[in-house]
There are 2 protein chains.
Amino acid sequence: MPTQILSLQPLVNNIRALAMDGVQQANSGHPGMPLGMADAAATLWSTFLKFNPQDPAWPDRDRFVLSAGHGSMLLYSLLHLSGYDLPLEQLKNFRQWGSHTPGHPEYGHTPGVETTTGPLGQGISNAVGLALAERWLAARFNRPEFPVVNHHTFVIASDGDLMEGVSHEACALAGHLNLGRLIVLYDDNQITIDGGTDLTFTEDVLRRFQAYNWQTMRVDGHNRAEVAAAIEQALADDSRPTLIACRTIIGYGSPNRQGTSKAHGEPLGVDEVRLTKEGMGWPVDEPFQVIPEAQELLRAAAHQGQVAQGEWETMMLNYAAAYPELHAQFYQMIRGELPAEWDAFTPDFGSKPLATRAASGKLLEQLIPRLPGLLGGSADLTPSNNTRTSQMADVQDGSFSGRYLRFGVREHGMGAVMNGLAAHGGIIPYGGTFLVFSDYMRPAIRLAAMMGLGVVYVFTHDSVGLGEDGPTHQPIEHLASLRAIPNLVVFRPADAWETVAGWQTAIQRRHGPTALILTRQSLPLLDPAQTAGAINGGYILSDRPQPQAILLATGSEVHIALAAQKLLDEQGVAARVVSLPSWELFREMARDYQEAVLPAKIKVRVAIEAAATFGWERFVGETGVVLGLDRFGASAPYQTIYQNLGLTAEALAAQVVKLL
Amino acid sequence: MPTQILSLQPLVNNIRALAMDGVQQANSGHPGMPLGMADAAATLWSTFLKFNPQDPAWPDRDRFVLSAGHGSMLLYSLLHLSGYDLPLEQLKNFRQWGSHTPGHPEYGHTPGVETTTGPLGQGISNAVGLALAERWLAARFNRPEFPVVNHHTFVIASDGDLMEGVSHEACALAGHLNLGRLIVLYDDNQITIDGGTDLTFTEDVLRRFQAYNWQTMRVDGHNRAEVAAAIEQALADDSRPTLIACRTIIGYGSPNRQGTSKAHGEPLGVDEVRLTKEGMGWPVDEPFQVIPEAQELLRAAAHQGQVAQGEWETMMLNYAAAYPELHAQFYQMIRGELPAEWDAFTPDFGSKPLATRAASGKLLEQLIPRLPGLLGGSADLTPSNNTRTSQMADVQDGSFSGRYLRFGVREHGMGAVMNGLAAHGGIIPYGGTFLVFSDYMRPAIRLAAMMGLGVVYVFTHDSVGLGEDGPTHQPIEHLASLRAIPNLVVFRPADAWETVAGWQTAIQRRHGPTALILTRQSLPLLDPAQTAGAINGGYILSDRPQPQAILLATGSEVHIALAAQKLLDEQGVAARVVSLPSWELFREMARDYQEAVLPAKIKVRVAIEAAATFGWERFVGETGVVLGLDRFGASAPYQTIYQNLGLTAEALAAQVVKLL
């Protein structure tokens, strides 16, 4: 192998040249990292990475994550040279409208991109999810002589990735779970945007990762033989994740920029590109040159991957014969298909008031056995989130086939790991915490929405209704904040039956995340015949002939609206109650439907929600009123809070009368 | 001292009894942590902590942070027994409406509470800010024989605090800065809500903190002599922060709950409280008993603090004589008063288009010398955020008197450290990152708003207008998400002159945070005479006689609105342009003013903002239209993005015509 590693120079040069050219052509981008990590990346891709550009979706490929997503031209160069469907024309259109080479790599947008990166700390944390998915699926599907799931997850990460808290959370979890097939190449270039890492980042990174139970190594990132030896050592240890600190020079080869923060985030300039190319003996006349020697090195690796996939598929034919059910289940899960009749059950909620978090727990009891890909957990709030069913075993090293994840007090890590689980394929991840702590995981939620991942959030303790824990734990602005995220469905059910619709939505939505917003406190059960419309996001829950007013509510406040309706009856006022568990779903409905539920002619509309009023004007209009909370909450029993903050049926009815 | 430590048993018992009683009376709360950490806390408060209950605002007191805020009854017990203005009646009203003993400690609500805690990881990270404030103010004000600022910051933190990513960020920074006066007692009780820490938290915490350059120790947390010796050793080392891992038993003394997660978050129950009290020889007949021996121990410490404050005040009299200007400045800063004429300058923005981030940078050049308490930095985006002026020196160990903070790629840590800087007193902190990464720091932003801290966020790259970096870096939902937070002022100026109003608002708002939302791209300068209304949050920027329509916009889109106004002129349509840099400030204005700017009778209203449309109905009404982005952005030059996503003057004018 050393021979091969030494012969990588043409490939390394070609990567560097393409990366410089892409950035220069766009007049925007980050040349420093591709120049610095070209040696290590070329070593990994040419010699170790298992991939097949002909089938980027091959389930048993290795996953490669460029956590330092700003170095996107490194990845695009590798993809192009390897033979992925990313023609040179795309590299020339780096960062241009409609190209497949956006500023930062985007999942689902460019073949070979395993996860969207750029926001630092996310990629490496997604990789923990990818590596966990591999172990979990292997535990479920592998059988003697049938290593159906048998791959590695490789990451290139930067100083910034390791400074971010989310990587602390995810990497500590990876060490706890002994995810030995996770291998991180850390671009230890001692440079950040502000200058040298001595300005602020002087921790002993290796020691920290040792504390997490990682294998750690330090190599010269420009010595490809050293890098290769380190990767071999990492591959040899299946019992711990590995961090390989690659000491590199950012902007390597650029005579006037290398080793400085100037190399990081702006084009080198035409002259400097020329000088850099000259220094490495690269032709300077034309940009975007590709030399056959470079291409061949990666095409050979790609060919090996193709052969490997062929062998794997042969094995899968035998697997189909030996384990037909497992075989069928594997492909069903990988394709994201739901088993037939997965929701063909009638839950038993009893007749007593039930918190929607408890209803969710009861549904999970049914869903877990019916949906083999459903894998969930909580950020150390299991008894509060009702996320663990009576039959679940924990996922731990030695028992990866469990169904329950102990994320620890690591909400952000949980969000990012769930994204990795979903991006891997084969898994429907869900994770629980208090709604107020959705703030801790917002960057990961946003990326799930952007990537279109079918992740499910179980956010309980959804309002001041949680009571005594007080304002630090009471969400106010969170509903509005989540509703504002594109492609995220927020679903706040009013009772157990609406919770069924929430989970149905969440499971069926395989191209975007769903946030279930659930109460701590018990809520009366509605009539299931009346809640059938919940799946539409908004519906008439209770009507009166020729209604003069509409009461709108979500979640626990729906019951206040129903009580107000009765009070209004007594005063001879006919009011309709509209339950709006999901604004997003309701707005996706046909205009006619929306108009039937909220007729324009009924101007008297009062909404009630124990949350910020922000955004409700959309439904109540200029003349309407919203009873909500544009302040932080308070620590007290929840009935007292509702009473003292004016969230009552009496106040609601009075508002209607006032408007009439 | 060992004698004293040994004699603490009555105090320890009293703390435990009060904590159990408070939780039992409320029938809600967390008894496990107070029972487990009573020994360590009693040791700290009785023997080391410098505090004066008669003057909780004494500037040179030690700061004590209960990062594990769920153990609030521990703190309330200590405060009560020490003689703070927190009568026993308050402890009996734990977690009740209007009490000073909310579920989690709240800054500004209860004397002696230095920062609001509960959301895990925040308190310990605030403490880094408190400890940094001490070093920074000491460097500025201390003179030979005048140790004006000379105190320590003590923390009690939990497993959860250390699992959270924010504590990684802040503690790594504390180690880098050698904050030797930061001392953390880590309640290493091996229990989380889900069960034993072996479920998920198996990292070597001490090794990790050693990697951060912390002094670390491990003690038996129930051996008060060991705890005391460790604190002494921590105090002896001014060169590094210290982590003291206190191995404790959660719910200590509760025969049926101790050492289990059941002890954590629910009342022990009447019978178990009785058993626990019996076990420690405490009278079981009446709850909320206070014994003089216990009180005396803390009152003696409080008396020492009172004496120390007296000596300090004497010293300050001499300081006033020796350094009158420093003395005056110290008190001005500590009181949060602004120097006279701090804003009496006319900035020179030139006449060429200028990005509002650049305008902000120019203003900082003026503000930094005029506002001695202004201390800022960036999460490793200094050249992009324009947060560092030409005259600033970095804050580093050995040069704490610098004015610029290198936060590293640690947005969340930055937010939490800023809260600590502000909570300490004497400092107006500001911190920069890209607007999209405000998501990383939301939990800290929320707490700044809840605490009413005058923190300033410099959020640049505020829309798809940042261009090629693409959707991962382009904020969409962030404006709406921030506007929904109570007590946060969001200010998005349209040009350099409106940026002046933004900074004026931010500096003057000493009781709540302000987020400045600034462009990457250059914007034309408006006429400063016309932008005088920006300070009101919303105003008529450009009018026409008898306007038929109103165009509303913020930030960079104001210029599109002005262009649309001209297009409408050509079509004979008179349109008013309203600039709305801050919704919050505008809504605080008198109704008359609001009506004058947005008269109800003008129904044709079109808003434009390169962001989620969420919330705009508030201003455009039911009949209005919002041009915005309810999708993620795209990677391309920004002019292309605006064009292709329909954010143009032509589209805006066309909408108006359509509505007319």
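These numbers come from a predicted model, not from an experiment. Every chain is numbered on its own, with residues counted from 1 as its sequence reads. In the order they appear in the text, chains get letters beginning with A and ligands get numbers beginning with 1. In keeping with the model being predicted, local features are shown solely for residues with a pLDDT of at least 70 and side-chain atom pairs are shown and tallied solely at 80 or more, while totals for entire chains, interfaces and linings include all residues. Heavy atoms from the whole structure form the basis of all side-chain values; hydrogens and water molecules are not counted.

**What to know about the overall build of chain A**
Here is step 1 of the chain: When you go through chain A residue by residue, the secondary structure sums to 25 helices and 20 strands.
Here is step 2 of the chain: When we talk radius of gyration, it's over C-alpha atoms, and the globule rule is simply 2.2 Å times the number of residues to the 0.38. Relative to the globule expectation of 26 Å for 660 residues, the C-alpha radius of gyration of chain A, 27 Å, shows essentially globular dimensions.
Here is step 3 of the chain: Its C-alpha atoms put chain A at 90 × 60 × 45 Å along the principal axes.
Here is step 4 of the chain: Note on classification: 1.4 Å probe, protein chains only; a residue is buried when its accessible area is under 20% of the maximum for its type, exposed when over 50%, partly exposed between these limits. When the 660 residues of chain A are sorted by exposure, 69% land in the buried category.
Here is step 5 of the chain: Contacts: residue pairs with any heavy atoms within 4.5 Å of one another. Here the analysis covers contacts within chain A between residues at least 6 apart in sequence; of these, 77% occur between residues at least 24 apart. Here a helix means four or more residues in a row that DSSP labels H or I, a strand means two or more in a row labelled E, and each is numbered from the N terminus.

**Considering the interface of chain A and chain B**
Much of the literature gives interface size as the accessible area that the parts lose upon coming together.
Here is step 1 of the chain: Every contact between the two is made by 102 residues of chain A and, on the other side, 102 residues of chain B.
Here is step 2 of the chain: Overall, the association of chain A and chain B removes approximately 8,500 Å² of surface from exposure, summing both partners, and the carbon and sulfur fraction of that is 56%.
Here is step 3 of the chain: The buried area of a pairing is the accessible area, by a 1.4 Å probe, that goes missing from both parts when the two are put together, added over both. Sorting the residues of chain A by area buried against chain B places W97, R446 and F614 of chain A first, and these three jointly supply 10% of that buried surface.
Here is step 4 of the chain: A pairing counts as a salt bridge when a side-chain nitrogen of Lys or Arg comes within 4 Å of a carboxyl oxygen of Asp or Glu. Where chain A packs against chain B, one counts 10 salt bridges.
Here is step 5 of the chain: One salt bridge connects R406 of chain B with D194 of chain A, and the closest N-O pair in it is separated by 2.9 Å.

**A word on the nonpolar core**
Here is step 1 of the chain: Take the buried Ala, Val, Leu, Ile, Met, Phe, Trp, Tyr and Cys residues and link them wherever side-chain atoms come within 4.5 Å; each set so joined is a nonpolar core. In terms of nonpolar packing, the biggest core is built from 165 residues, with Y430, W503 and L551 of chain A together with Y430, W503 and L551 of chain B touching the most fellow members.
Here is step 2 of the chain: Each residue touching L551 of chain A, except ones within four places of it in the same chain, is listed here: A561, A564, Q565, L568, A575, R576, V577, V578, V606, L652 and V656 of chain A.

**Focus on the confidence of the model for chain A**
Here is step 1 of the chain: Looking at chain A, the pLDDT average stands at 97 and 99% of residues meet or exceed 70.
Here is step 2 of the chain: Scoring of the predicted complex yields 0.98 for pTM and 0.98 for ipTM. The predictor reports its confidence for every residue as pLDDT, a score running from 0 up to 100.

**Some thoughts on the relation of the copies chain A and chain B**
Here is step 1 of the chain: The two copies are related by a screw motion: chain A maps onto chain B through a turn of 180° and a shift of 0.0 Å along the axis, at an RMSD of 0.0 Å. The superposition operator between the copies reduces to a two-fold rotation axis. Proximity to the rotation axis, assessed at the C-alpha, singles out G165 of chain A in chain A; its C-alpha lies 1.7 Å from the axis.
Here is step 2 of the chain: A share of 100% of the interface residues of chain A reappears at the interface of chain B, consistent with the copies meeting face to face through the same patch. Least squares is the method for superposing the copies, and the C-alpha atoms it fits come from residues with pLDDT of at least 70 in both.

**Things to note about helix α10 (residues 224-236) of chain B**
Residues and elements named next belong to chain B.
Here is step 1 of the chain: With 13 residues, α10 should reach 18 Å at 1.5 Å per residue; the first-to-last C-alpha distance of 18 Å fits that figure.
Here is step 2 of the chain: Turning to α10, its buried residues are R224, V227, A228, A230, I231 and A234. The arc that holds every buried residue of α10, seen down its axis, measures 160°, which confines them to one face.
Here is step 3 of the chain: Counted as a polar contact is a pair of N or O atoms within 3.5 Å, where, for protein atoms, one must be capable of donating a hydrogen and the other of accepting one, and residues adjacent in sequence contribute only when both atoms are in side chains. You can read the cap of α10 off the contacts: a side-chain oxygen lies 3.2 Å from the backbone nitrogen of A225, and it is on N223. A helix is expected to reach a length of 1.5 Å times the quantity of its residues less one. To be clear, the arc concerns the directions from the helix axis to the C-beta atoms.

**Digging into the pairing of strand β14 (residues 514-517) of chain A**
Residue and element names in this part refer to chain A.
Here is step 1 of the chain: Residues T514 and L516 of β14 are buried on one face, and the alternating residues A515 and I517, pointing to the opposite face, are buried as well.
Here is step 2 of the chain: Strands pair, by our definition, only if DSSP identifies at least two bridges between them. In the sheet, strand β12 (residues 456-460) pairs with β14 via 4 bridges, with the strands oriented parallel. Note on β14: the bridge partner recorded for Y457 is A515.
Here is step 3 of the chain: Pairing of strand β13 (residues 489-491) with β14 involves 3 bridges; the strand directions are parallel. Counted as the bridge partner of V489 is T514 from β14.
Here is step 4 of the chain: Traced from β13 through helix α19 (residues 496-508) to β14, the parallel crossover comes out right-handed. When the strands point away from the viewer and the path from the first strand over the helix to the second turns clockwise, the crossover is right-handed.

**Some details on unusual backbone geometry**
Here is step 1 of the chain: In this structure, N386 of chain A is a non-glycine residue whose phi angle is positive, near 55°.
Here is step 2 of the chain: You can see N386 of chain A is positioned in the loop between α15 (382-385) and β10 (404-406).
Here is step 3 of the chain: Given the relative accessible area of 22%, N386 of chain A is considered partly exposed.
Here is step 4 of the chain: One non-glycine residue, F288 of chain B, adopts positive backbone phi at about 60°.

**A closer look at the environment of L235 of chain A**
All names here are of chain A.
Here is step 1 of the chain: The residue L235 is located in helix α10 (residues 224-236) in this model.
Here is step 2 of the chain: Once the C-alpha coordinates of L235 and G180 are considered, the two residues, 55 residues apart in sequence, prove to be 8.1 Å apart.
Here is step 3 of the chain: Contact partners of L235, with chain neighbours within four places excluded, come to F48, H152, F154 and I183.

**Things to note about the packing of helix α12 (residues 292-322) of chain A against helix α13 (residues 324-334) of chain A**
All names here are of chain A.
Here is step 1 of the chain: Angles here are taken between N-to-C directions and fall from 0 to 180 degrees, while the axes themselves are lines fitted to C-alpha atoms, restricted in helices to the stretch in contact. For the pair α12 and α13, the least separation of the axes is 5 Å and the interaxial angle reads 130°. Relative to α13, the element α12 lies oblique. Contacts between α12 and α13 pair W312, M316, Y319, A320, A321 and A322 from the former with P324, L326, H327, F330 and Y331 from the latter.
Here is step 2 of the chain: Taken together, the residues of the contact of α12 with α13 break down into 10 nonpolar, 1 polar and no charged. The labels follow the angle: roughly parallel below 35 degrees, roughly antiparallel above 145, roughly perpendicular from 65 to 115, and oblique for the rest. Only Asp, Glu, Lys and Arg are considered charged, only Ala, Val, Leu, Ile, Met, Phe, Trp, Tyr, Cys and Pro nonpolar, and every remaining residue, Gly among them, polar.

**What about the pattern of salt bridges?**
All names here are of chain A.
Here is step 1 of the chain: According to the stated counting rule, one finds 54 salt bridges over all chains in the structure shown.
Here is step 2 of the chain: With a closest N to O distance of 3.6 Å, K262 and E266 form a salt bridge.
Here is step 3 of the chain: Judged by its relative accessible area of 43%, K262 falls in the partly exposed class.
Here is step 4 of the chain: The class of E266 is partly exposed, set by a relative accessible area of 33%.
Here is step 5 of the chain: Connected through salt bridges with shared partners, the residues D462, R483, R492, E557 and E609 form a single ionic network.

**Quick word on helix α25 (residues 649-659) of chain B**
Residue and element names in this part refer to chain B.
Here is step 1 of the chain: Within the span of α25, buried status applies to A649, L652, A653, Q655 and V656. Mapping the buried residues of α25 onto a view down its axis gives an arc of 155°, with all of them on the same face.
Here is step 2 of the chain: Elements that come into contact with the buried residues of α25 comprise β17 (549-553), α20 (557-570), β19 (605-608) and β20 (625-627).

**Here's the deal with the sheet that holds strand β19 (residues 604-608) of chain A**
Residue and element names in this part refer to chain A.
Here is step 1 of the chain: Read from one edge of the open sheet, 5 strands run β16-β18-β17-β19-β20, paired in mixed fashion. Only two strands of the sheet have a single partner each, and these edge strands are β16 (539-542) and β20 (625-627). Ignoring strand direction, the axes of neighbouring strands in this sheet form an average angle of 30°.
Here is step 2 of the chain: Relative to strand β18 (residues 575-579), β16 runs antiparallel, the two sharing 3 bridges. Counterpart to S542 in the pairing with β18 is V577.
Here is step 3 of the chain: On top of the sheet, helix α25 (residues 649-659) reaches β17 (549-553), β19 and β20; it is set at about 160° to β19, its chief contact.

**Considerations on the sheet that holds strand β6 (residues 215-220) of chain B**
Hydrogen bonds between backbone atoms are what pair the strands of a sheet, whose relative direction is either parallel or antiparallel.
Residue and element names in this part refer to chain B.
Here is step 1 of the chain: Read from one edge of the open sheet, 5 strands run β1-β2-β3-β7-β6, paired in parallel fashion. Looking at the sheet topology across the chains shown, the edges are occupied by β1 (63-66) and β6. When strand polarity is set aside, the average angle formed by the axes of neighbouring strands in this sheet is 20°.
Here is step 2 of the chain: Its contacts with the sheet place helix α6 (residues 122-141) against β1, β2 (153-158) and β3 (182-188), and it is angled at close to 165° to β2.

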